[in-house]
Amino acid sequence: MQRFDAIRPFYDSEINKAIIKVKDHPMMKALMNFAFPGVPDEHWKVQLSTTHSTRDFQCNFIYQALMQVLTKTSDGMTTSGFDKLEPNTSYLFISNHRDIILDTSLLNACLFDNGLVMTASAIGDNLVQKEFLYTLSKLNRNFLVQRGLSPREMLQSSRLLAEYIGNLLQRENRSVWIAQREGRTKNGNDATHQGVLKMLGMGSDEANLMDYFKKVKIVPVSISYEYDPTDALKMPQLMAEANKEIYVKDKNEDFTTLMSGIMGQKKHIHIHVGKVLDEEIDEIKAEFDNANKQIQALAQVIDDSILQSYKLWPTNYIAYDILHHTETYKTLYTENEKSLFERRLEMRIDENNTIQRDGFLAMYANPVVNKLKYENAV
């Protein structure tokens, strides 16, 4: 459908031509040398040149690069919930968002490993300004979320995006990944923005939005990293917000963050996929007849699922105890783990700056606070 051309990834018929165009790019060489250490360039260039589908590109090249990322920058990834999903079935994965590229890429690796439908994934067009990254994103089945538009253009863009997502889910049997909010969580507080759900609802032709959301099979996704490789990079924005200043990104900030997220140390990673929101949506429909209240209730259900399933690491408990001057969770970490975390704190921020120090600690401690709130509310 031509109306989606401005935002869609490549069709399979366009893949080979796009690959040929970028296979000699220095960044492609860097990516392939990382994915296939010690393999002569000519070998992967021949393999790339004979690739004609998104699936082959993802499975034969991107998947290999991801396995290298996990080997070199983590202590391994664990998963849960994937056995509850059905093969040959599309789902709308709504996820908390910590890393620009890895959140969705690691989810797709897990879907592939479990024989499930992989996703088309939303990415902000501000993140793919460089031509190579734009091409790579389209090769990797990313569709564009257009940023920086006027209110009128934003409405039109949101409607187009919603229609495209609906088309993927209902007609192409393609799963979709979208973050629960615009932009990554900077302070550790994962919360679904109702605007994301309202945008998704624009793709509905149902009289009641809840019927549409039930039809597209919403699955909340919770991803947690023991160390956030971009934790220090989030500090300038948190500082600006604390000082009630408008934060303006540096020209190459997105690219720096993107690369730091991929190559920075993460220690352990866990991804949990929740169950399809089915009975929950029936209950929302029965309880509320107002669309706004239904959206609000759905956002809360997604949040509850993500918080309930969020894997807490020693770093979260350590940060909580340091920030709140307690020893509440001291049985959940070792002295060595605490000293390593304190060393990280010392190396990555100015500890004498109270706002910076507390912001850094809160980023790790807030998931503990939020899980406590959830458990106390149930």
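Our subject is the structure that appears above.
Everything in this summary refers to the structure shown in the same document. Every value quoted in this text rests on a predicted model; they were computed, and no experiment measured them. (Residues numbered from 1 in each chain as written. Predicted model: local features only at pLDDT ≥ 70, side-chain atom pairs only at ≥ 80, totals over all residues. Heavy atoms only, no water.)

**Let's talk about the nonpolar core**
Here is a general trend for soluble globular proteins: nonpolar side chains tend to be buried in one another's company.
Moving on, step 1. One finds F93, L200, F213 and L298 to be the most contacted residues of the largest nonpolar core, which totals 89 residues.
Moving on, step 2. The leading source of residues in this core is helix α4 (residues 54–73), at nine residues.
Moving on, step 3. Not counting the four nearest positions on each side in its chain, L298 is found in contact with L197, M210, F213, I218, L277, I281 and I284. (Core = buried A, V, L, I, M, F, W, Y, C linked by side-chain atoms within 4.5 Å. Buried < 20%, exposed > 50% of the residue type's maximum accessible area, 1.4 Å probe, protein only. Helix = DSSP H or I, 4+ residues; strand = E, 2+ residues; numbered from the N terminus. Contact = heavy atoms within 4.5 Å.)

**Let's talk about the packing of helix α2 (residues 26–35) against α4**
Moving on, step 1. Put simply, α2 and α4 touch, their axes get as near as 8 Å, and they point 65° apart. When the axes of α2 and α4 are compared, the crossing they make is left-handed. Contacts from L31, M32, F34 and A35 of α2 reach α4 at F61, I62, Q64, A65, Q68, V69 and K72.
Moving on, step 2. Along the lines of polarity and charge, the residues of the contact of α2 with α4 split into eight nonpolar, two polar and one charged. (Axes fitted to C-alpha atoms, helices over the stretch in contact; angles between N-to-C directions. Left-handed = near helix turned anticlockwise from the far one by under 90°. Nonpolar A, V, L, I, M, F, W, Y, C, P; charged D, E, K, R; others polar.)

**Some points on the sheet that holds strand β3 (residues 119–124)**
Consider a sheet: its strands pair through backbone hydrogen bonds, and that pairing is either parallel or antiparallel.
Moving on, step 1. With mixed pairing, the seven strands of this open sheet are ordered in space as β1-β7-β6-β2-β5-β3-β4. Of all strands in the sheet, those with a lone pairing partner are β1 (74–80) and β4 (142–145), marking the two edges. Averaged over all adjacent pairs, the angle separating strand axes in this sheet is 25°, with direction ignored.
Moving on, step 2. Sheet topology note: the β3/strand β5 (residues 175–179) ladder contains three bridges and is parallel. When the sheet's bridge partners are listed, A120 is paired in β5 with V176.
Moving on, step 3. Against the sheet, α4 contacts β1 and β7 (267–273), and its axis sits at roughly 120° relative to β1.
Moving on, step 4. Of the strands in this sheet, β2 (92–95), β3, β4 and β5 are in contact with helix α7 (residues 151–170), which crosses β4 at around 160°. (Pairing = 2+ DSSP bridges.)

**Some words on the layout of surface pockets**
Moving on, step 1. Put simply, the second largest pocket is a space of about 270 Å³.
Moving on, step 2. Forming the boundary of the second largest pocket are 14 residues, of which F10, Y11, Y164, L168 and E172 lie nearest the centre.
Moving on, step 3. Per element, the largest residue contribution to the lining of the second largest pocket is three residues, and it comes from α7.
Moving on, step 4. Broken down by class, the residue content of the lining of the second largest pocket amounts to seven nonpolar, two polar and five charged. (1 Å grid on protein atoms, 1.4 Å probe; cavity = no way out; pocket = protein on both sides within 12 Å on 5 of 7 lines; lining within 4 Å. Points joined across faces, edges and corners; volume = space filled by probe spheres on them.)

**Re the pattern of salt bridges**
Moving on, step 1. Scanning the entire structure with this criterion turns up 23 salt bridges.
Moving on, step 2. Between E163 and R3 there is a salt bridge, with the nearest N and O atoms lying 3.3 Å from each other. Remark: R3 occurs in the segment before α1 (12–22) and E163 occurs in helix α7; sequence separation between them is 160 residues.
Moving on, step 3. Exposure remark for E163: the relative accessible area of 28% places this residue in the partly exposed category.
Moving on, step 4. You can call R3 partly exposed: its relative accessible area is 47%.
Moving on, step 5. Here E14 ties to R8 by a salt bridge, and the two come within 2.9 Å at their closest N and O atoms.
Moving on, step 6. Owing to a relative accessible area of 27%, E14 belongs among the partly exposed residues under this scheme.
Moving on, step 7. On the accessibility criterion, R8 (9% relative accessible area) is buried. (Salt bridge = Lys/Arg side-chain N within 4 Å of Asp/Glu carboxyl O.)

**Side note on empty space enclosed by the protein**
Moving on, step 1. Counted according to the given criterion, the structure contains two cavities of 30 Å³ or more.
Moving on, step 2. If you trace the largest cavity, you find it lined by R98, T185, K186, G188, Y225, D228, K234, Y310, N316, M363, Y364 and P367.
Moving on, step 3. Examining the composition of the lining of the largest cavity, we find that three residues originate from one element, helix α16 (residues 354–377), more than from any other.
Moving on, step 4. Looking at the lining of the largest cavity, its residues break down into five nonpolar, three polar and four charged.
Moving on, step 5. Volume-wise, the second largest cavity comes out at about 30 Å³.
Moving on, step 6. Lining the second largest cavity are D190, I306, L307, Y310, P367 and K371.
Moving on, step 7. For the lining of the second largest cavity, the elements supplying multiple residues, two or more each, are α13 (291–309) and α16.

**Here we look at the environment of M199**
Moving on, step 1. Tracing the backbone shows M199 in helix α8 (residues 194–201).
Moving on, step 2. Taking the C-alpha atoms as reference points, M199 and S157, 42 residues apart in sequence, are found 9.6 Å from one another.
Moving on, step 3. Those residues in contact with M199 that lie beyond four places of it in its chain are S158, L161, A162, I165 and I178.

**Regarding unusual backbone geometry**
Moving on, step 1. A positive phi angle, close to 55°, is found at N173, a residue other than glycine.
Moving on, step 2. Relative to the elements of secondary structure, N173 occurs in the loop between α7 and β5.
Moving on, step 3. Assessed through its relative accessible area of 38%, N173 is described here as partly exposed.

**Quick notes on a negative patch on the surface**
Moving on, step 1. A surface patch of negative charge is lined by E335, E342, D350 and E351.
Moving on, step 2. Residue placement: E342 occurs in helix α15 (residues 335–348).
Moving on, step 3. On the basis of relative accessibility, which here comes to 34%, the residue E342 falls in the partly exposed class. (Patch = residues over 30% accessible without salt bridge, like charges linked within 9 Å, V, L, I, M, F, W, Y side chains within 5 Å. Areas by Shrake-Rupley, 256 points an atom, 1.4 Å probe, with all protein chains shown as cover. Lys, Arg positive; Asp, Glu negative; His and termini not counted. Charge placed at Lys NZ, Arg CZ, Asp CG, Glu CD.)

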